[in-house]
Each structure stands twice: as C-alpha cells, then as structure tokens.
Amino acid sequence: MEKVILVLNAGSSSLKFSLFALPAAGEMRPLAVGQVEGLGTAPRLKAKDGQGEVIADTRWSTAEVANPAQALQEIIGLLRSRFQENELAGVGHRVVHGGPDYSAPLLISAEALEKLDTFVPLAPLHQPHNLAAIRAVQQARPELAQVACFDTAFHRTQSMIADLYGLPYEYYERGIRRYGFHGLSYEYIAATLPAVAPEIANGRVVVAHLGSGASMCAIHNGRSVGSSMGFTALDGLMMGTRPGNMDPGIVLYLLQQEGMSAKQIEDLLYKRSGLLGLSGIGNDMRVLEASDSPRARLAIDLFTYRIARELGGLAAVLGGLDALVFTAGIGENSARIRQLVCEKARWLGVELDEAANDQNGSRISSADSRVSVWVVPTNEELMIARHTRKLLGL
Ligand code: ADP
C-alpha cells in the first residue's frame, strides 16, 4: 500500500486539506485537494483530484455538519472511498503560532498540545481552530502521528532587535514581541530559490506575500532577518480587510472617545478595513482592478504605496537589496500591482521587463536591472507535507 500524508489548514469557517503521495524519488504530489467551507452557515465539501477533476461537491445543513470534527469525518470518508489503495501515514497541520521558542515543526503529543494551548491568547482568532483540528484527528484516528508546522517558526532566526518593541522590557519577557507570520510561505520560497533563481538564493531578498493576508519578509542567505508582521497578523501592509500598520493611538481614540468596545474594534481591524473598507466595494483585487470607482483606485494606490514603503524599510534591514520576489494570489497573478510597486521602487535599482511581467514571470526585471524581480508561486501545503514526511521519517 502506498503511503500518503494528509495536510490540514483549519480556519474559523473552513477546513482545507491536501492529500500527498510519497514517491520514493522526486517531489511529493497532491492526489486530492479540497475544503469544507461555510462551517456555521452553509457547509459544503469541494474537492478535486491531482488532475483537477472534481471528485466531490456536497452541501449539508448546519445541523448535519456543524463543526470541524464533523467536517474532518466527511473528508476522511471521502478520502477513504477514493483512495482505498493508500495508507494514511501521518497528518501535518498549519498552526499559526509557535510562540517565542518553536523554530521548527513539532511532533504532537499530549504535552505538546498543552504547550500550544498556552499560545491561544496570542492568536485567539486562529490558534483555537488549528488545535481543534489536531484534537479532531486524535479523536477520529488516535493512532495517527501528527505534526504541527508553525507560521511563526521561520522568523525565529531574527535578531532580538528585530523582535523587540519599545515597551518596558518586562513586556518582551511576557511575550509581547514581533513574531512574524506567513513563515511557511517564506520558507517554501527560500527553499525554492536555489532551483529557480540560484543567483539570488544566498543574497539579500525581500519576498512580498500578497494574498488576502499580506506581508513582506527580508531574507538573507535563506534566513528570515525581518518581517512586516509583528505581534499579530494585523501589522505591516494593508490587506484585504485589515488596515496594516497604524498609530496605536487610534485604538485608544476609538476606545476612549468613540466608545467602541474591544470586540467592535477587533471586528473593524480584522474584517472591515483594508481594501474592503477603503474601496467600499470589496476585498478581491480582481474586482478592484476592474472597477472605475475612484475609491477602488485609492485602495490600490494605498496598497502599493505601503508595499513600496515597507520595501524601503526591509532593504535598510538587509543593508541593500539584490532581489524582490512576488508571491501568493495577488503577487503571482496581478501584473498591474507588480508594475505599480516596481515603479515606486525604481530608486532602489528596479527596472521592470513589462512583457515578462504581463506573462507572470518568472524573472520579470529587465536584463540590466540592478535588483532582479521575480514571480515565484508559493506552496504552503507542500512545505507542511515535506516537514511532516521528514519528522515522521516516511
Ligand atoms: P489566501 O490564501 O490568503 O486566502 P490567496 O493567496 O489565495 O489568499 O490570494 C487571494 C487574493 O488574490 C484575492 O485578493 C484575489 O483577489 C487575488 N487574486 C487572485 N487572482 C488574481 C488576479 N488574476 N489578479 C488580481 N488579484 C488576484
């Protein structure tokens, strides 16, 4: 029986999965990819096989599939019926927070899970869902080995200076520090550069992960030295529904002068700001690009302005810049956003090759550009599968 690894990424209303085969040689490839979405509202399982053929599209009432544990049962049921020839050998999870110490993936044990529970206050909107998925697997298949892969781990190579806030020192000791996120994406890019762009793999590189969440990371010699996200995933760039970096005095003002509750401010900062809040139209970049609305234009202008500004800051952290890499949904697909960013980065020595940019890469800078610019698709699921395979010795 050929062994397979299941990768799970649990969110507030969805459970995404990928099933990877483990060939003796060569890269792992997905046998199936899908998700249960709409948990709590309109649950629906959608899945495709490795060739992109639909293998499931099922809807339920909220009573039938009410929680991640039931969603997992449906996923396991589907995979069991479709892949009877395969033996599930382990499960890898995306876990948002590994706290100050975890700089590598972790084999799940009762003790490890207890430790991960202590990080829930650091990421209350995400960590509980990640841990619920681990517990759901324990319940459904107690014999299965599970691995937690952290979004913060790749950034643990950063210096203490990069981690610190200018608060009294005891706050740092209490865990209020810059953790950074999207680490699995940056780790995948860093691991991919030696093959796709060997000339920059050991250089000073800024990677822009521009998806519905967006951040940037300064990488030197394949290691993270700085990132735009900090204590939470609210910091740094403006995003689909989050404002990014802002004066903390605004939060005090909203609390004290406008009488908003902490819950209302949380909702404003996580769900109603960013591209959505500014444009008044939506958070999908494709929709904003197609719109004539002046506020859609304003949202795009601020989005790219903030990226260019952060790029300058991270280039300073690196002491210069050899390459800029775009990745994730917007970074991989939007020639317009890349062009607007690169125009604002000409002072750093960026010269775009417009034809290559229009074709989405992979090298999109002109031959004489001092800083080379690349489009490199990310693959966080494959990164998790690789970690899981390695840690479990499969
Ligand atoms: P996440 O995994 O964080 O949900 P993705 O990396 O899939 O996000 O990115 C989602 C974003 O990518 C959305 O804002 C979407 O509008 C944008 N996107 C996808 N394709 C395109 C495209 N062709 N042009 C512009 N934006 C795109």
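What you are looking at is a predicted structure, and each value in this text was computed from that prediction instead of being measured.

**Looking at the state of the cysteines**
Under the defined criterion, the tally for this structure stands at 0 disulfides. Free of any disulfide, Cys217 has its nearest neighbouring cysteine sulfur in Cys149, separated by 17 Å.

**Digging into the sheet that holds strand β13 (residues 372–375)**
Think of a sheet as strands paired side by side through backbone hydrogen bonds, with each pair either parallel or antiparallel. Judged by pairing direction, the sheet is mixed, and its 5 strands sit side by side in the order β11-β10-β9-β12-β13 without closing on themselves. Here the strands that pair on one side only, and so sit at the sheet edges, are β11 (223–227) and β13. Taken pair by pair, the neighbouring strands of this sheet meet at an average axis angle of 25°, ignoring direction. Here 4 bridges tie strand β10 (residues 214–220) to β11, and the two strands are oriented antiparallel to one another. Residue His220 lies in a different strand from β11, and its bridge partner there is Arg223.

**A look at the site of the ligand**
Taken together, 13 residues are adjacent to the ligand, and Ser212, Asp284, Met285, Gly329 and Asn333 come closest. Within the side chain of Ser212, a nitrogen or oxygen atom sits 2.7 Å from an oxygen atom of the ligand. Contact distances for the ligand include 3.3 Å between an oxygen atom and a backbone N or O atom of Ile330. For the ligand, the protein covers 67% of the area, taking 580 Å² as the surface of the free molecule. Of all the secondary structure elements, the ones that give two or more residues to the shell around the ligand are α10 (285–290) and α12 (328–333).

**Thoughts on the pairing of β10**
For β10, the tally of buried residues reaches 6 of 7 residues, placing the bulk of the element in the interior. Where strand β9 (residues 204–210) lies against β10, 7 bridges are found, and the strand directions are antiparallel. Paired with His209 across the bridge in β10 is Ser215. Between β9 and β10, which follow one another and run antiparallel, lie 3 residues. Between β10 and the antiparallel strand that follows it, β11, lie 2 residues; Asn221 among them carries a positive phi value of about 55°.

**Some details on the environment of Ser279**
Inspection of the secondary structure assignment puts Ser279 in helix α9 (residues 274–279). Looking at Ser279, the relative accessible area reads 4%, which means it is buried. Considered as a pair, Ser279 and Arg297 are 18 residues apart in the sequence and their alpha carbons are 7.8 Å apart. Leave out the neighbours within four places in its chain, and Ser279 touches Leu288, Arg295, Ala296 and Ala299. A polar side-chain atom of Ser279 sits 3.0 Å from the main-chain amide nitrogen of Ile281. Within the local environment of Ser279, its side chain forms a polar contact with the backbone oxygen of Gly282, the two atoms lying 3.3 Å apart.

**Here we look at the sheet that holds strand β3 (residues 29–37)**
The strand order β5-β4-β3-β2-β1-β6-β8-β7 describes an open sheet built from 8 strands, whose pairing is mixed. Bordering the open sheet on either side are β5 (54–59) and β7 (106–107), each of which pairs with just one other strand. With 5 bridges connecting them, strand β6 (residues 86–95) and strand β8 (residues 146–150) associate as parallel partners. For Val91, the partnering residue across the bridge sits in β8 and is Gln146. Against the sheet, helix α3 (residues 127–140) engages β1 (2–10), β2 (15–21), β6 and β8, with an angle of about 160° to β6.

**Re the domain arrangement of the chain**
Partitioning the chain into structural domains gives domain 1 (2–150) and domain 2 (199–380). Averaged C-alpha coordinates put domain 1 and domain 2 at centres separated by 28 Å. Buried area between domain 1 and domain 2, summed over both chains or domains, comes out near 420 Å², and the portion from carbon and sulfur atoms is 61%. A per-residue breakdown of the area domain 1 buries against domain 2 is headed by Arg94, Leu122 and Leu125, which together make up 73% of the total. Viewed at the interface, domain 2 and domain 1 are joined by 1 salt bridge. A salt bridge links Glu380 to Arg94; the shortest N-O distance between them is 3.2 Å. There are 1 residue pair in polar contact (both at pLDDT 80 or more) connecting domain 1 and domain 2. For the side of domain 1 that touches domain 2, a count of residues per class yields 2 nonpolar, 1 polar and 1 charged.

Definitions and cut-offs
Residues numbered from 1 in each chain as written. Predicted model: local features only at pLDDT ≥ 70, side-chain atom pairs only at ≥ 80, totals over all residues. Heavy atoms only, no water. Disulfide = S-S within 2.5 Å. Pairing = 2+ DSSP bridges. Helix = DSSP H or I, 4+ residues; strand = E, 2+ residues; numbered from the N terminus. Axes fitted to C-alpha atoms, helices over the stretch in contact; angles between N-to-C directions. Near = heavy atom within 4 Å. Polar contact = N/O pair within 3.5 Å; in protein donor to acceptor, adjacent residues only side chain to side chain. Areas by Shrake-Rupley, 256 points an atom, 1.4 Å probe, with all protein chains shown as cover. Buried < 20%, exposed > 50% of the residue type's maximum accessible area, 1.4 Å probe, protein only. Contact = heavy atoms within 4.5 Å. Domains from an automatic or database assignment. Buried area = accessible area lost by both parts, 1.4 Å probe. Salt bridge = Lys/Arg side-chain N within 4 Å of Asp/Glu carboxyl O. Nonpolar A, V, L, I, M, F, W, Y, C, P; charged D, E, K, R; others polar.

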